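Coordinate inspection notes
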Amino acid sequence: MHDGARAGYSVNCSILFTELPLLERPAAARAAGFDTVEFWWPFTEPVPPQAQVAEFEAAIRDAGVRLGALNFDAGAMPAGERGLLSLPHRGADFRANVQVVAGIGERLGCRLFNALYGNRTPRFTPEEQDAEAGRNLLEAARAVAPFGGTVLLEPLSGAPHYPLKTAADVFAVLDRMHSAGAANTALLADFYHLAVNGDDVAALVAADAGRFGHIQIADAPGRGAPGTGSLPLADWVRASRSGGYRGEVSLEYAAPVSGAFDWLDSDADRYDLVIRGNAVLTPEGIVPAEVAVRNGSIAAVVPLGTGLEGERLLELAEDETLLPGLVDTHVHVNEPGRTEWEGFASATRAAAAGGVTTLIDMPLNSIPPTVNVEALETKRACAEPQAVVDVGFWGGAVPGNEADRRPLHDAGVFGFKCFLVHSGVDEFPHLEPAEMETVLAELKTFDALLIVHAEDPGKIRDTPAGSRYAGFLASRPPEAENTAVGQVIEAARRTGARAHILHLSSAEALPLIRAAKDDGVRLTAETCPHYLTLTAEEIPDGATAFKCCPPIREDANREQLWAGLADGTIDCIVSDHSPSTQDLKDLVRGDFGVAWGGVSSLQLGLPLIWTEARTRGIPLERVLHWMSAAPAALAGLDRKGGIVPGKDADFAVFAAGDTFTVDPAALQHKNPVTPYAGKQLTGIVRRTLLAGVDVDPAVPVGRLLRRGGA
């Protein structure tokens, strides 16, 4: 990466570096310090010869840059054409072009694809053109969805017959596409076109920055470099970052290459934020360092004393360590439908208070469960105006939703959850082992992940009524987990699919998991704070706040789980935050036979694990690997999980030596129920930053994440 001046920016090589032949421009962009380039359609026809495509791809690879965005064929642009999307007589050309574009995108790791809408033409009515555009957009969205692609629509200026002039025009189309199942469509916010057309860009950014799929900039008048006109581009970009936009900003202006980037270089050594501290957790360990943030991304990590400058400076106290934001891939938010249990506002506030900057919501306990695209969109609509941290979603694999799983995958879920035992809610039924294997075989065809609640119902007995924890524990013996884990392993072995064991409680299953990994089975496993910090021996009778499924087991079992983490058999630690109302936990009677099974610990995960880890001599770096880098890797969140240039500037400031006593009333999740009440813990999260900005519990700037796009 460049020394920081170019961090967060990409360069459009179809309008810049035009002094050079097209295939030489990626290398020129790299020499100028850019890691990412984009292009308008670089060929003269919708389906160019394969040799030309291969030359273009080779130019990108050989230059060592990433193709960040690519336009679909827009027709004869010099002659005034502005896209093929809505032209019925050119529909076949567009659809053929889609396959070429998708192939390039998949091979080069490109995720953004701009489809110009097309001019209005007297040959067809607007209704006919809009219908054609809808069909073609849907096909394009489906073509790029398997590898995490998003189709962009942008307003244009200077084209009188082009129907999309404002952001509102585009949002109207996008609303129809989202309703049709194409959730991977978004606005391309070109600030030049929007401003020239009279849009209130500042108001748009304030209201909708989190909905932007991409940003392009040029100054006006003249479409030159920033600073050559009158647009407050830096302010708009900064506000977009604060409002939830996390992508790169594309430079799409006309300028001779000799001075095209002077405006960047003049501010090359200043950043939006610089953090300085004696303890910064990097891949090299905890070291004295300065971390620079630009446009919501980490731009540089350098030794302390370098003297980086930023618009804002955060100097850590002597007892503070800068950590990457935690990633929690196992959270039951329950909204909509059971919002009295938990909702996105309260859950994400609790996450932020615990240093969690990214969570992935489970598909059940909400009504409807996330078992089809319509339910996913309902859940996204609930989350978007409330989330104060970034949020993604798992889909569900249940009997009868065979036709919905690939559309959910294409809509951006991070994988699919199933149960091998009753889930606790009737609207999310479990799979039989043979059904699970069928699902794995299907998911293998598009390399999706299946995450499994692994308990065998045949080994589980009815929980006896009453307050005795021993009765509940005996009803869900280790062999229930061991048997089901073995079933998952063998199904994954036979299908070659990816499988993940959720909330491992039984240490007796560790040899099975270890042997499967050694055999090359594509298997991962997680465990949770309650299994690593609590023991059956300490649970009082009637203490239903401790009830969860699978159950908290004995102290010897706990120690073996820690050993499984140490040797890599268990990959990560996540919360399995599964809250309910106080009534459902049956706190007054304390009857384990009727109480809801679930532990609320989203806010407490880091101090819980750190308190135990430090007594075992386990360093903080290892804890953060299990709670940040490893969950990010599980979900394919490439920009999360580390203090590394190019990743999102998500941080937790942690006082590792401070202690506190857990007060349920001080927790941010909705219902003040926790088995940790009164427990003294070590380690306090003093502040949490998302995209380089302090999280404000009253300001919901969290972004909704899609697989492949984060």
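Our subject is the structure listed above.
Residues numbered from 1 in each chain as written. Predicted model: local features only at pLDDT ≥ 70, side-chain atom pairs only at ≥ 80, totals over all residues. Heavy atoms only, no water.

**Side note on the pattern of salt bridges**
Tallied over the entire structure, the rule returns 44 salt bridges. Here Glu-57 makes a salt bridge to Arg-107, at a shortest N to O gap of 2.7 Å. With Glu-57 in helix α2 (residues 50–63) and Arg-107 in helix α3 (residues 91–108), this pair connects stretches of sequence that are 50 residues apart. Here Glu-490 makes a salt bridge to Arg-493, at a shortest N to O gap of 3.3 Å. (Salt bridge = Lys/Arg side-chain N within 4 Å of Asp/Glu carboxyl O. Helix = DSSP H or I, 4+ residues; strand = E, 2+ residues; numbered from the N terminus.)

**Section: the pairing of strand β1 (residues 9–12)**
Of the two faces of β1, the one carrying Tyr-9 and Val-11 and the one carrying Ser-10 and Asn-12 are both buried. Pairing between β1 and strand β8 (residues 249–251): three bridges, direction parallel. Opposite Ser-10, over in β8, you have Ser-250 as the bridge partner. Where β1 meets strand β2 (residues 36–39), two bridges bridge the pair, whose relative direction is parallel. Looking at β2, one finds that Asn-12 is bridged to Glu-38. Taken together, β1, helix α1 (residues 25–31) and β2 constitute a β-α-β crossover, and its handedness is right-handed. (Buried < 20%, exposed > 50% of the residue type's maximum accessible area, 1.4 Å probe, protein only. Pairing = 2+ DSSP bridges. Right-handed = clockwise from strand over helix to strand, strands pointing away.)

**A word on helix α20 (residues 620–635)**
Over its 16 residues, α20 runs 22 Å from end to end, which matches the ideal 22 Å to within 8%, given 1.5 Å per residue. The sharpest bend along α20 comes to roughly 35°, located at Trp-626. All of the buried residues along α20 are Leu-620, Val-623, Leu-624, Trp-626, Met-627, Ser-628, Ala-630, Pro-631, Ala-632, Leu-634 and Ala-635. One or two positions beyond α20, positive phi appears at Gly-636, with a value near 75°. (Expected span 1.5 Å × (residues − 1). Bend = angle between axes of the 7 residues up to and from the residue.)

**Some thoughts on the environment of Val-485**
Examined against the element boundaries, Val-485 turns out to sit in helix α15 (residues 478–495). In this structure Val-485 touches Ala-454, Ile-501, Leu-504, Ala-509 and Ile-513, once residues within four positions along its chain are discounted. (Contact = heavy atoms within 4.5 Å.)

**Quick notes on unusual backbone geometry**
In this chain, Ala-220 is followed by Pro-221 through a cis amide linkage whose omega measures 0°. Within the element layout of this structure, Pro-221 appears in the loop between β7 (212–217) and α8 (233–242). The residue after Cys-549, namely Pro-550, is reached through a cis peptide bond having omega 0°. Locating Pro-550 in the fold gives a position in the loop between α17 (529–533) and α18 (555–566). Even without a glycine there, the phi angle at Asn-365 is positive, about 80°. Among the secondary structure elements, Asn-365 is positioned in the loop between β15 (356–361) and α11 (373–383). Classification of Asn-365 by relative accessible area gives buried; the value is 2%.

**Quick notes on the sheet that holds strand β17 (residues 395–396)**
Taken in spatial order, the six strands make up an open sheet running β17-β18-β19-β20-β21-β22, and their pairing is parallel. Each end of this open sheet is capped by a strand with a single partner; those strands are β17 and β22 (572–573). Sheet contacts for α15: β19 (449–453), β20 (498–501) and β21 (523–527); angle to β20, the most-contacted strand, approximately 170°. (Axes fitted to C-alpha atoms, helices over the stretch in contact; angles between N-to-C directions.)

**A few points about the sheet that holds β2**
The sheet built from eight strands closes into a barrel, its strands ordered β1-β2-β3-β4-β5-β6-β7-β8 with parallel pairing. Across the sheet, the axes of successive neighbouring strands diverge by a mean angle of 30°, strand direction being ignored. Sheet topology note: the strand β4 (residues 112–114)/strand β5 (residues 150–153) ladder contains three bridges and is parallel. Residue pairing across strands places Leu-112 opposite Thr-150, the latter belonging to β5. The sheet strands contacting α3 are β3 (66–71) and β4, and the helix crosses β3 at an angle near 165°.

**Considerations on the nonpolar core**
Counting 101 residues, the largest nonpolar core has Met-436 and Leu-450 as the members making the most contacts within it. Element by element, the count of residues in this core is highest for α15, at six residues. Residue contacts for Leu-450: discarding those within four places in its chain leaves Ala-397, Phe-416, Cys-418, Met-436, Val-439, Leu-440, Leu-443, Arg-498, Ala-499 and His-500. (Core = buried A, V, L, I, M, F, W, Y, C linked by side-chain atoms within 4.5 Å.)

**Here we look at the packing of α3 against helix α4 (residues 126–144)**
Direction vectors running N to C along α3 and α4 enclose 15°, while the axes themselves pass 9 Å from each other. The orientation of α3 with respect to α4, classified from their angle, is roughly parallel. Between α3 and α4 the crossing geometry is right-handed. Contact residues: α3 offers Gly-91, Phe-94, Arg-95, Val-98, Gln-99 and Ala-102, while α4 offers Glu-132, Asn-136, Glu-139, Ala-140, Ala-143 and Val-144. (Parallel < 35°, antiparallel > 145°, perpendicular 65-115°, else oblique. Left-handed = near helix turned anticlockwise from the far one by under 90°.)

So yeah, pure geometry; function would need other evidence.
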